[in-house]
Amino acid sequence: DKSYLANYGIDSDKRAGAIPLSAQTITHFTIRDESKIDIKTPVVDKFAPLNHVRGGIPPILLVTGDREFEMVGRYEENAYLFRMLKIHGNKDCTLYELQGHDHGSMVQPAMKPLKDFIARVRPAEQQGK
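Our subject in this report is the structure included herewith. (Residues numbered from 1 in each chain as written. Predicted model: local features only at pLDDT ≥ 70, side-chain atom pairs only at ≥ 80, totals over all residues. Heavy atoms only, no water.)

## Let's talk about the overall build of the chain
Then comes step 1: Broken down by element type, the chain carries 4 helices and 2 strands.
Then comes step 2: The order of helices and strands in the chain, counted from the N terminus, is α-α-β-α-β-α.
Then comes step 3: Overall, the C-alpha framework of the chain stretches about 50 × 35 × 25 Å when taken along its three principal axes.
Then comes step 4: Counting the 129 residues in the chain, one finds 29% classified as buried.
Then comes step 5: Considering only contacts in the chain between residues 6 or more positions apart, those separated by 24 or more positions represent 68%.
Then comes step 6: On the chain, roughly 8100 Å² of surface is accessible, and the fraction owed to carbon and sulfur atoms is 56%. (Helix = DSSP H or I, 4+ residues; strand = E, 2+ residues; numbered from the N terminus. Buried < 20%, exposed > 50% of the residue type's maximum accessible area, 1.4 Å probe, protein only. Contact = heavy atoms within 4.5 Å. Areas by Shrake-Rupley, 256 points an atom, 1.4 Å probe, with all protein chains shown as cover.)

Shown next as structure tokens:
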């Protein structure tokens, strides 16, 4: 939702990129819990990132833990976001599934692809800093 950063005079399309780690792309589990919606029931409300998919976004690196160990449906949410971003014409999208890692253990192995992504998308005037 571009309006959140626009409130601070920032155009979200001008970012170098985004790296959500284990992003919740459907309705947040807190909202589902407060609304008594079972964790196994997928809900996509107006705040869910999937409702704001569009073309022309900066590069994005989606990283999750192993689909068998990650939080319920988290990998699948990210895989669906990845697919929808591609359908909207975003070519610079990557999805990493870190085999053998759960939600809590995925951060350390995510550092290598994260650092590589930052090095690739960092603006030229910041290279080498």
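There's plenty left to go through after this.
## A closer look at the pattern of salt bridges
Then comes step 1: Across all of its chains, the model carries 7 salt bridges by this definition.
Then comes step 2: Asp-92 is the partner of Arg-120 in a salt bridge, and the nearest nitrogen-oxygen pair spans 2.8 Å. Of the two residues, Arg-120 sits in helix H4 (residues 107-121) while Asp-92 sits in the loop between helix H3 (74-87) and strand S2 (93-98), which places them 28 residues apart along the sequence.
Then comes step 3: You can call Arg-120 partly exposed: its relative accessible area is 47%.
Then comes step 4: Look at the salt bridges and you will find they share partners, linking Lys-2, Asp-11, Asp-13 and Arg-54 into a network. (Salt bridge = Lys/Arg side-chain N within 4 Å of Asp/Glu carboxyl O.)

## Things to note about H4
An α-helix turns once every 3.6 residues. As a result, residues three or four positions apart point the same way.
Then comes step 1: With 15 residues, H4 ought to run about 21 Å at 1.5 Å a step, and its terminal C-alpha atoms sit 20 Å apart, in line with that.
Then comes step 2: The sharpest bend along H4 measures roughly 30° and falls at Pro-113.
Then comes step 3: Where the residues of H4 are buried, they touch strand S1 (60-65) and S2. (Expected span 1.5 Å × (residues − 1). Bend = angle between axes of the 7 residues up to and from the residue.)

## What to know about the pairing of S1
Then comes step 1: With 6 of its 6 residues buried, S1 lies for the most part within the structure.
Then comes step 2: Residue alternation in S1 divides its side chains into two sets, Ile-60, Leu-62 and Thr-64 and Leu-61, Val-63 and Gly-65, and both sets are buried.
Then comes step 3: Bridge analysis of S1 against S2 gives 6 bridges, and the strand direction is parallel. Note that in S2 the partner of Thr-64 across the bridge is Glu-97.
Then comes step 4: Running through H3, the crossover from S1 to the neighbouring parallel element S2 is right-handed. (Pairing = 2+ DSSP bridges. Right-handed = clockwise from strand over helix to strand, strands pointing away.)

## Some words on the layout of surface pockets
Then comes step 1: Of the pockets and cavities examined, the largest pocket occupies roughly 510 Å³.
Then comes step 2: Elements with a contribution of two residues or more to the lining of the largest pocket: helix H1 (2-6) and H3.
Then comes step 3: If you tally residues by element for the lining of the largest pocket, the top one is H1, at 3 residues.
Then comes step 4: Its residues assigned to classes, the lining of the largest pocket comprises 13 nonpolar, 2 polar and 4 charged. (1 Å grid on protein atoms, 1.4 Å probe; cavity = no way out; pocket = protein on both sides within 12 Å on 5 of 7 lines; lining within 4 Å. Points joined across faces, edges and corners; volume = space filled by probe spheres on them. Nonpolar A, V, L, I, M, F, W, Y, C, P; charged D, E, K, R; others polar.)

## Points about the side chain of Arg-32
Then comes step 1: Examined against the element boundaries, Arg-32 turns out to sit in helix H2 (residues 29-34).
Then comes step 2: It is Glu-77 that comes nearest to the buried, bridge-free Arg-32 among opposite-charge side chains, at 4.6 Å.
Then comes step 3: Not counting residues up to four positions away in its chain, the partners in contact with Arg-32 are Gln-24, Ile-26, Thr-27, Ile-37, Ile-39, Thr-41, Pro-42 and Val-43. (Lys, Arg positive; Asp, Glu negative; His and termini not counted.)

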